[in-house]
Every structure is written in structure tokens, then in C-alpha cells.
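Listed below, chain by chain, are the residues.
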Amino acid sequence: MRVLVTGAAGFLGSHLTDRLLADGHSVIGVDNFATGDLDNLAHLRREPRFTFEEHDICDPFDPGAVDYVFNFASPASPPEYLRLAIETLRVGSTGTENSLKIAQMYGAGYLHASTSECYGDPLEHPQTEEYWGHVNPVGPRSVYDEAKRFSESLVMAYHRARGVNTHLVRIFNTYGPRLHPSDGRVISNFMMQALRGEALTVYGSGSQTRSFCYVSDLIEGIVRLSRCDEHYPVNLGNSTEFTILECAQAVLEVTESKSKIRFEPLPEDDPARRCPDIAKARALLGWEPKVSLKEGLKLSLEFFRNSVPVGP
Ligand code: NAD
Ligand code: UDP
């Protein structure tokens, strides 16, 4: 297949590109470097089945005939989407529609990277795909949450009204090599702080929970979902739930760091709990995450170590 990946220079987009190439496909990567980095694709410089175009997907574009579109373009880390508030709303609306138009024009399959943030600060736990969510539509995080919810609605409309073969994955916190060391997400912050010997910044009391999925598990689930007939959202993530304090302790253990923990204010509307119910993915895709948090942190160690600047 000839496959378009938007957001290809990002953390997940670059891993997905690697996997698609390994499966024998040709990939056209598109990215505007809003939060991505060409370094994530540097190893593909001499790969004849990979081409790259610097482009903002909010502006219409035509990559030529494609068989599949994976739409991964969007800032994803809270500090980044707060910094890029309008851009995040635009890419989750105009950008998503431009990518859907490409799929429609070429009769291509389509998969959109949605998020657990569609559930907001959830009142149901764990979160099943049937839960409609609890999102503050005007809070600071709404630029991401509502853009992603609008994208889901747009994707379903292109499926229902235009017959596009669409798929929606609701991704829960995923980490691994190429997670940008300074984009402010919890695993990258903690790993970098631990490796530099700085205090780990725990926001709030650290009792809020997240469920962390290693990138290879997520990509396997995404590839399986892209091939199946399900059009409604499917949760993909690791269902083992940790408090943020437990996550900090796991990072200290894996990095063998003596860093202390420093408590800082909790950001506004920070969800108190997050854990996917993955029964649907299990039944539909025969999929199960395999990598535990500590194993995944160990697999990420070299990447973060190489990202620590070497002293004079
Ligand atoms: P990332 O920031 O590393 O990658 C996003 C990529 O999209 C970047 O390379 C960025 O430059 C690019 N991009 C942003 N706006 C663009 C635009 N207008 N035109 C072209 N490219 C643009 O983040 P990520 O973690 O790899 O996330 C990828 C996708 O997965 C996002 O859509 C995100 O919302 C979704 N997601 C990720 C997670 C996670 O835990 N990593 C969780 C839920 C959802
Ligand atoms: N967090 C933290 N310290 C940090 C970065 C994040 O305690 O240095 C917390 C954050 O408040 C949230 C959780 O870790 O409760 C996950 O944050 P992240 O930004 O990775 O993603 P989110 O799940 O909130 O989108």
C-alpha cells in the first residue's frame, strides 16, 4: 500500500512510519514541525519507500493516490497544546477534514488518532468506549479535548455521509523512545529530571492516576485496528493504573537516581483518574499490552540518557 501519515515527525507518527515500512508499505510523511522533530525520521533518509513533505495539514494538500491515511498530526502534550491553543483547535478541525478529504478522494482507509482526553475528568472508571465523557468546554484543556471530540464527530460524519472506511483509536498515555525530552509530559519530565539529578516535579499530591502504555504495544494495536471493520472508537492503552507518585518512584528505581520529589501546583482541570477498559480491543483485535511500566522505562532509558546534554 501507499500510505499517508500526518504528524510523521512526532513521537507516535515516526514509530508508526517505521512499522508500516517494516510491513512492506510505502509511506508519505507530512509534518509542519509544530512539536515534531526531523531527527525522529533521520534513520529513514536513505529509505526509498519513504518520502517526506513539510506541510501544515490545515492547508489543503494532495499527496497523490494513497490507499490509507493515518491522521496523527496534533500537539499532544498539555504544555504544548496550551502554548499552541489556536493551532491545536485548527488541526483538530480543518486539519482533520483535509485529511478526510484525501481519504474520500482516493477511496483510502482512514484511521484517526483520538485520545482518552475525550473522556475529560471522567466520572466513570475505568473508561469504556460507551462513556460520553466529562469535559469542561471552556477550560484551558478544552482546546485539545474539544478539538479531538470534534474530530471524532467529523470522522463519523465522513463515514456515514461520504462512505469513508474510517477508524477511531482513543489512545491512553503512551511513552517510549522519541517522546520529546522537553515537551512536558510526565514520563519525559521525570526521566530527564532523574537523569540530570534534579527533583522530580509531582503536580498536586501525586494521587491522580494514569495508565501508561509502551509505544510498541500501542502501534501493534493501531495496525490491527486499521485492518478491521470497526468504525466506532476503540480504546488502546495499558490498563494497569498508577498514581503519579508511583510513576515517579518507578522512574527513580529504573534510572537508579537519587533525585528528590518536589510537589508543585496541580494544573487546572487535570483529570483525577484515567484507566482504559480495553475489553473491546481484546475481543475485536485479540490485542493485549505486553510491556510493563518498569520494562518500558528500561527500554526508554538509552533514548533519554542520550538526550541529557553532556557537561563541559
Ligand atoms: P507529538 O507532538 O510527538 O506528534 C505530533 C506531530 O504532529 C508533531 O510532529 C507535530 O509537529 C505534528 N503536527 C502538529 N500540528 C500539525 C499540523 N497542523 N500539520 C502537520 N503536522 C502537525 O505527539 P504524539 O504523542 O506523537 O501524538 C501523536 C497523535 O496521537 C496526536 O494526534 C495525539 O493527540 C495523539 N495521542 C497521543 C497520545 C500519547 O500518549 N502519546 C495520547 C493520546 C492521543
Ligand atoms: N505531571 C506531573 N509532573 C510533571 C508532568 C506531569 O505530576 O512534571 C502529572 C500531570 O499533572 C498529570 C499526569 O502527570 O496528572 C500526566 O500528565 P501528562 O502531561 O503526561 O499527560 P495528561 O495525561 O495529563 O494528558
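Quick notes on the rules
- Residues numbered from 1 in each chain as written.
- Chains lettered and ligands numbered in written order.
- Predicted model: local features only at pLDDT ≥ 70, side-chain atom pairs only at ≥ 80, totals over all residues.
- Heavy atoms only, no water.
- Near = heavy atom within 4 Å.
- Polar contact = N/O pair within 3.5 Å; in protein donor to acceptor, adjacent residues only side chain to side chain.
- Areas by Shrake-Rupley, 256 points an atom, 1.4 Å probe, with all protein chains shown as cover.
- Helix = DSSP H or I, 4+ residues; strand = E, 2+ residues; numbered from the N terminus.
- Nonpolar A, V, L, I, M, F, W, Y, C, P; charged D, E, K, R; others polar.
- Axes fitted to C-alpha atoms, helices over the stretch in contact; angles between N-to-C directions.
- Parallel < 35°, antiparallel > 145°, perpendicular 65-115°, else oblique.
- Left-handed = near helix turned anticlockwise from the far one by under 90°.
- Contact = heavy atoms within 4.5 Å.
- Buried < 20%, exposed > 50% of the residue type's maximum accessible area, 1.4 Å probe, protein only.

> What am I meant to see in the site of ligand 1 here?
Residues in contact with ligand 1 amount to 29 residues; listed here are only the nearest, Leu12, Asp31, Thr35, Tyr144 and Thr174. Measuring from an oxygen atom of ligand 1, one finds a backbone N or O atom of Ser74 at 3.3 Å. In isolation ligand 1 offers 830 Å² of accessible surface; the protein chains occlude 96% of this area. Every element with two or more residues in the shell around ligand 1 is listed here: α1 (11–22), β5 (109–115) and α4 (142–162). Considering each element in turn, the shell around ligand 1 owes the most residues, 3 residues, to β5. Along the lines of polarity and charge, the residues of the shell around ligand 1 split into 14 nonpolar, 11 polar and 4 charged.

> Explanation requested: the packing of helix α5 (residues 186–196) against helix α7 (residues 244–255) in the structure shown.
For any two helices packed against each other, one specifies the inter-axial angle together with the distance between the axes. Packing of α5 against α7 leaves a shortest axis separation of 10 Å and a crossing angle of 40°. In terms of orientation, α5 and α7 fall into the oblique class. Seen along the crossing, α5 lies across α7 with a hand that is right-handed. Here Val186, Ile187, Phe190, Met191, Ala194 and Leu195 of α5 lie close against α7, whose contacting residues are Ile244, Cys247, Ala248, Val251, Leu252 and Thr255. Residue classes in the contact of α5 with α7 are distributed as 11 nonpolar, 1 polar and no charged.

> Help me out: how do you make sense of the environment of Arg2 in this one?
Looking at the secondary structure, you find Arg2 in strand β1 (residues 2–6). Assessed through its relative accessible area of 32%, Arg2 is described here as partly exposed. Setting aside anything within four residues of it in sequence, one finds Arg2 in contact with Ser26, Ile28, Pro63, Gly64, Ala65, Val66, Asp67 and Tyr68. Side-chain polar atoms of Arg2 contact the backbone oxygen of Pro63, separated by 3.1 Å. At 2.7 Å, the side chain of Arg2 forms a polar contact with the backbone oxygen of Ala65.

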